[in-house]
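# Topology and contacts: notes
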Amino acid sequence: MLNPFFLQGSQGEQGLVQDLINEQLRMYGLECHYIPRKLMTSRTIMKEVTESRFDQAFPLEAYLMNVDGYAGQGDILSKFGVRVTTEATFVISRERFEESVAPFLEQQEDDYDVSNRPREGDLLFSPLGKKLFEIKYVEFEKPNYQLRKNYTYQLTCEVFEYEDEVIDTNVNLIDEVVQTDGYIARLVLSGVGATATANTTLAFGAVQQIFLQNDGYGYLAAPTVSISTSPGVDATAVAIMTSRSGIGTAKSIDRILLINPGGDYVGVPTVTVPGTGIATAGITTLGSVGIVTITSGGSGYTTTPNVAITTAPSGGTDATAEAVMVGGTISAIRISNAGSGYTSAPTITIGAATSIGDGDYIFNETVQVSSDSSETARVKVWDSSSRTLDVSILTKMQFQVGEKIKGLESGAEYVILSVDYDTPNDYPNDQYKQNQYNDNADFETEADAILDFSEGNPFGTF
Amino acid sequence: MLGTYFYHEILRKTVIGFGTLFNNINIRHKDASGTNFSVMKVPLAYGPMQKFLARIQQQPELEREIAITLPRLSFEMQGLQYDPTRKTGIAQTFIAKGGTTAKKVYMPIPYNVSFELSILAKLSDDGLQILEQIVPYFQPSFNITINLIDSIGEKKDIPIVLESINYSDQYEGSFETRRTIVYTLGFTAKTYLFGPVADDPAGLIKKVDVDYYGSTNITTAKRVQRYSATPLAKQNYDDDTTTVLDGAISEKVTKFKVSATTDLAANQRIIIDTEIMKIRSISGQNVTVFRAHDNTVAASHDHGASIGVLSATDNASIEFGDDFGFDEMSSFFSDGKEFSPSQGIDI
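Here the structure is a predicted model, which means the values were calculated and not measured.

## Notes on the overall build of chain B
A count of helical and extended segments in chain B gives four helices and 23 strands. On C-alpha atoms alone, chain B measures out to a radius of gyration of 33 Å, which is more than a quarter above the 20 Å that the 2.2 N^0.38 rule sets for 347 residues. Projected onto the principal axes, the alpha-carbon positions of chain B cover approximately 105 × 60 × 40 Å. The buried share of chain B, reckoned over its 347 residues, is 42%. Put simply, of all contacts in chain B between residues at least 6 apart along the chain, 66% involve residues at least 24 apart. Here chain B has roughly 18500 Å² of accessible surface; of this, 52% comes from carbon and sulfur atoms.

Right, dumping it as structure tokens:
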């Protein structure tokens, strides 16, 4: 039986020890942040959490036990690249945790099953080296019941392995830890564009259009279409190719458009298409559209705009044309029908470029596209000068060029110009450094030069 | 003995070919409602690398805030082994087209390259997603066609055989140790290594002679007939166009007017556009021809189309891989001579 004259730890003594520990931790500890893990989605059978969120950070002083350097093997080169195996042990005050963290977690009991103690899987952010530690084990019996009570938690931690967890605590220092890590897709966005302009002349005896008699097959590249010469201006044309289902990888001719309808032809010129295609020309002796000259290529086009040509006078044929867009600018106008019966040079109007492109995306905000896919992602890095937007945690990987993407918090909205689903290895802004472990694109580029896909799969593709 | 420098980068190409199979693998995470909340492309890299580069590129700032991003795919070449089952004659050579010249190459040596593909995953479900997207393609092999030697355009089908799948999940033991999920897939790429590629000293065969003998007795038989075949050009290599059509012609016309006949002669082969014709006769500025000669197709030609003469110069300019025709000649003998390959004459 214990000596009744000794309490082996009265409430007052226990309180004193706890106070002393709290004081020591405040003097010698580090200003860490305790970041609880919200278990969003768990899977049965394999028993693992597939979706986690870290959206709160509680300042909490912690004492770093590793005075001679961190435990673990440090930085090692593994077959999976550089791996940091740093481990650390932190001591936190039990009372401080119960006072400053646990009550908040208890209020959100739907999100946190266990709230009255530090939990394995939660994160601890150390300001030394801005390291993000994951708690592996919570030791609560060291020291072991001094004065019949435990006053500290000893947290055995290792540096966090990141996948696609949402870290959005509103403490920038913490959130920025994984700003360039994990899977990232890069979108290049378009700014507000300028509409392209073009003009044309009136031509007589020009080729009105080219009729494709046989679309041919087996073309590996667009064939050079030649049109017999004219006493005046020679007509030139270009073949637009297409893939026909069931004819392997080689292509057929979709249509032949005029670059220059020419002029002063006396008879119907001969159209020569190398290979298996056959085409004939139609000629107009009345006024038609001549060669179209781009006066301004414009900018900010994300989709090929329509080309409108003023209608021909009564009895004539309206001219039609298509624009060619390269890198957001209109590089040429191809004439599909030069028309006839025009008495003066018609006016050419090219569809407007995008008028969207405003604002700055905010790090970690959700962005959403306007199209039916409603794909969302989270902003990692936004570089306004080059208009590149790096996003992660994509819900579909179905971004389409030409669709609008809007920041749900910032309201910034731009149109997508190009999409690269390979994690970028460099940044336009030197502020960001990428942990380069991603040769996917390099393999693709190198393989394109040596792999032969010309012989299709005889069993078909899907 | 050895030491003729050559490096076709075949093993590097095999590594690239192997790696590119796995560079577009995605994994998905679903939220509680069953919709995707995250789609990721799994990063892939060839494991071995220069150590300082690894440090500089993957840890540019010394303070690395996180351990690693997951999941990851890594592979490395593990060994080379001669494959006797695909052995061919060691002294056999073949002639291949290298640009415009003939190249002589020894038959390739079959080698099996062992690869190990490793999947490092944070969640076992990630590992399974990746694995399930790889394994069904290998039954047990998957073929890729690699252009092993660009200079001769030698494309080979390389079967990649899935040999083994191992799985390690260290989850037992102290809570303080890390759980690591690694799948290791063993593959064999059945590639070919090539020796040096030399210019073929014999060059192109420009003439074939076949001698026929009057009897099968090889000691007393005398040659009776020689059949010679020489290539005929189907292109105007020297571009000698000295005259043009004076008026358009249809595909049926056999007599037409040209601007000048000075350089033309009967029995000459001429080419207009892509049609070859043989001249029957010349009368003033009019030329009578056989149309659609040498298996070409008769076509209409425009006024002013240039007329090229196919001469012996063109025949000598035929390059490796070009389309060409044949000129045949039969000679009859009663002299009993034989052709000497060493002297190149009949003796």
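After presenting the structure, the write-up continues.
## Concerning the overall build of chain A
If you tally the helices and strands in chain A, you get five helices and 30 strands. Over its C-alpha trace chain A gives a radius of gyration of 34 Å, far above what one expects of a compact globule, namely 23 Å for 462 residues. When the backbone C-alpha atoms are referred to their principal axes, chain A occupies close to 125 × 45 × 40 Å. A total of 462 residues make up chain A; the buried ones form 49% of that total. Relative to all contacts within chain A whose residues are 6 or more apart in sequence, the contacts with residues 24 or more apart total 68%. Accessible surface for chain A amounts to roughly 22000 Å². Of this, 50% is attributable to carbon and sulfur atoms.

## Some words on the sheet that holds strand S14 (residues 223-233) of chain B
Two pairing modes exist for strands in a sheet, parallel and antiparallel, and in both the strands are linked by backbone hydrogen bonds. Residue and element names in this part refer to chain B. Within the open sheet, the three strands sit side by side as S13-S14-S21. Their pairing is antiparallel. The sheet terminates laterally at strand S13 (208-213) and strand S21 (324-332), the two strands that pair on one side only. Here the strands of the sheet are splayed against their neighbours by 20° on average, with no regard to which way each runs. By the bridge criterion, six bridges tie S13 to S14 in an arrangement that is antiparallel. Within S14, the residue paired with Asp-211 across the bridge is Arg-226.

## Quick word on the pairing of strand S6 (residues 93-98) of chain B
All names here are of chain B. Only one face of S6 is covered, namely the one carrying Phe-94, Ala-96 and Gly-98; the face carrying Thr-93, Ile-95 and Lys-97 has none of its residues buried. With six bridges joining them, S6 and strand S7 (residues 101-106) adopt antiparallel strand pairing. Bridge pairing links Ile-95 to Lys-104 in S7.

## Let's talk about the sheet that holds strand S8 (residues 109-121) of chain B
Residue and element names in this part refer to chain B. Across the sheet, which stays open at both edges, the six strands sit in the order S3-S5-S8-S11-S10-S9 with mixed pairing between neighbours. Looking at strand neighbours, the two that pair on one side only are strand S3 (44-46) and strand S9 (141-149), the edges of this open sheet. Taking the axes of each pair of neighbouring strands and ignoring which way they run, one obtains an average angle of 30° across the sheet. Bridge count between S9 and strand S10 (residues 154-170): eight bridges; the pairing is antiparallel. Following the sheet pairing, Thr-145 is matched in S10 by Asp-157.

## Points about the environment of Phe-80 of chain A
Note that Phe-80 of chain A resides in the loop between strand S5 (75-78) and strand S6 (81-84). Judged by relative accessible area, which is 4%, Phe-80 of chain A ranks as buried. Spatially, the C-alpha atom of Phe-80 of chain A lies 8.0 Å from that of Tyr-437 of chain A, the residues being 357 residues apart in sequence. With residues up to four places along the chain from it excluded, the contact list for Phe-80 of chain A reads Tyr-437 of chain A together with Ile-68, Arg-72, Leu-73, Ser-74, Ser-118, Ile-119, Leu-120 and Val-182 of chain B.

## Let's talk about the interface of chain A and chain B
Between chain A and chain B, the residue contacts involve 62 residues of the former and 72 residues of the latter. With both chains or domains summed, chain A and chain B bury close to 6300 Å², and 53% of this area falls on carbon and sulfur atoms. Looking at the side of chain A facing chain B, the largest losses of area belong to Phe-80, Glu-163 and Phe-443 of chain A, adding up to 12% of the total buried there. Put simply, Lys-41 of chain B and Asp-422 of chain A hold a salt bridge, and the shortest N to O gap is 2.9 Å. Counting every contact that joins chain A to chain B gives 34 residue pairs in polar contact (both at pLDDT 80 or more). With six residues, the single largest contributor to the side of chain A that touches chain B is helix H5 (residues 440-450) of chain A. Considered class by class, the residues forming the side of chain A that touches chain B number 25 nonpolar, 15 polar and 22 charged.

## As for the nonpolar core
In terms of nonpolar packing, the biggest core is built from 63 residues, with Tyr-361, Phe-399 and Ile-405 of chain A together with Phe-22, Leu-117, Ile-134 and Phe-187 of chain B touching the most fellow members. Counting residues per element, this core draws most heavily on strand S11 (residues 180-193) of chain B, at six residues. Excluding residues within four positions of it along the chain, Tyr-361 of chain A makes contact with Leu-189, Val-367, Val-379, Trp-382, Leu-389, Ile-405, Lys-406, Gly-407, Ser-410, Ala-412, Glu-413 and Tyr-414 of chain A. Counting 36 residues, the second largest nonpolar core, distinct from the first, contains Ile-253, Leu-258, Tyr-265 and Ala-321 of chain A.

## A closer look at helix H1 (residues 11-28) of chain A
Counted at 1.5 Å a residue, the expected span for H1 of chain A with its 18 residues is 26 Å, and the 25 Å between its end C-alpha atoms agrees. Packing partners of the buried residues in H1 of chain A comprise strand S4 (58-64), strand S7 (87-93) and helix H2 (94-100) of chain A.

## A closer look at the side chain of Gln-154 of chain A
With respect to the helices and strands, the residue Gln-154 of chain A is situated in strand S10 (residues 152-159). When near neighbours in sequence (up to four residues on either side) are disregarded, Gln-154 of chain A contacts Met-65, Thr-89, Phe-90, Val-91, Tyr-137, Val-138, Glu-139 and Lys-142 of chain A.

## Concerning the state of the cysteines
Residue and element names in this part refer to chain A. Under the defined criterion, the tally for this structure stands at zero disulfides over all chains. Cys-32 forms no disulfide, and the closest cysteine sulfur to it belongs to Cys-157, at a distance of 8.9 Å. According to the relative accessible area criterion, Cys-157 is buried, its value standing at 1%.

## Focus: the side chain of Ser-74 of chain B
You can see Ser-74 of chain B is positioned in strand S5 (residues 72-82). The class for Ser-74 of chain B is buried, based on a relative accessible area of 1%. One polar contact links the side chain of Ser-74 of chain B to the main-chain carbonyl oxygen of Lys-79 of chain A, over a distance of 2.7 Å.

## Considerations on the confidence of the model for chain B
Residue and element names in this part refer to chain B. Looking at chain B, pLDDT values average 87 and 99% of them are 70 or higher. The weakest mean pLDDT in chain B belongs to S6 at 78; the strongest belongs to S8 at 96. ipTM for the predicted complex: 0.78, alongside a pTM of 0.77.

Criteria and thresholds
Numbering of residues begins from 1 in every chain and follows the order in which that chain's sequence is written. Starting at A for chains and at 1 for ligands, labels are handed out in the order in which the entities are written. Reporting of local features is limited, given that this is a predicted model, to residues whose pLDDT is at least 70; pairs of side-chain atoms are given and counted only at 80 or more, and all residues count toward the totals for whole chains, interfaces and linings. Note that water and hydrogens are dropped before the side-chain values are worked out from all heavy atoms of the structure. A run of H or I in DSSP counts as a helix once it spans at least four residues, and a run of E counts as a strand once it spans at least two, with each numbered from the N terminus. Atoms counted for the radius of gyration: C-alpha only. Globule rule: 2.2 Å times residue count to the power 0.38. A simple rule labels every residue: compare its accessible area, found with a 1.4 Å probe on the protein chains alone, to the largest value its type can have, and call it buried under 20%, exposed over 50%, or partly exposed in between. Contact between two residues is taken to exist if any of their heavy atoms lie within 4.5 Å; hydrogens are not considered. The method behind every accessible area is Shrake-Rupley, applied with a 1.4 Å probe, and residues are considered shielded solely by the protein chains displayed. Any two strands between which DSSP finds at least two bridges are classified as paired. Every angle, taken between N-to-C directions, lies between 0 and 180 degrees, and every axis is a line fitted to C-alpha atoms, over only the stretch in contact when it is a helix. Values labelled buried area give the accessible surface lost by two parts on being combined, using a 1.4 Å probe and summing over both. When a carboxyl oxygen of Asp or Glu is within 4 Å of a side-chain nitrogen of Lys or Arg, the pair counts as a salt bridge. Definition of a polar contact: a pair of N or O atoms within 3.5 Å, with one able to donate and the other able to accept a hydrogen when the atoms are protein atoms, and with sequence-neighbouring residues admitted only if both atoms are side-chain atoms. Each residue is assigned to one class: nonpolar for Ala, Val, Leu, Ile, Met, Phe, Trp, Tyr, Cys and Pro, charged for Asp, Glu, Lys and Arg, and polar for all the others, Gly among them. Remark: nonpolar core denotes a set of buried residues (Ala, Val, Leu, Ile, Met, Phe, Trp, Tyr, Cys) joined through side-chain atoms within 4.5 Å. A helix's residues, less one, multiplied by 1.5 Å, set its expected span. In what follows, a disulfide is any cysteine sulfur pair within 2.5 Å. For every residue, the predictor assigns a confidence score, pLDDT, that lies between 0 and 100.

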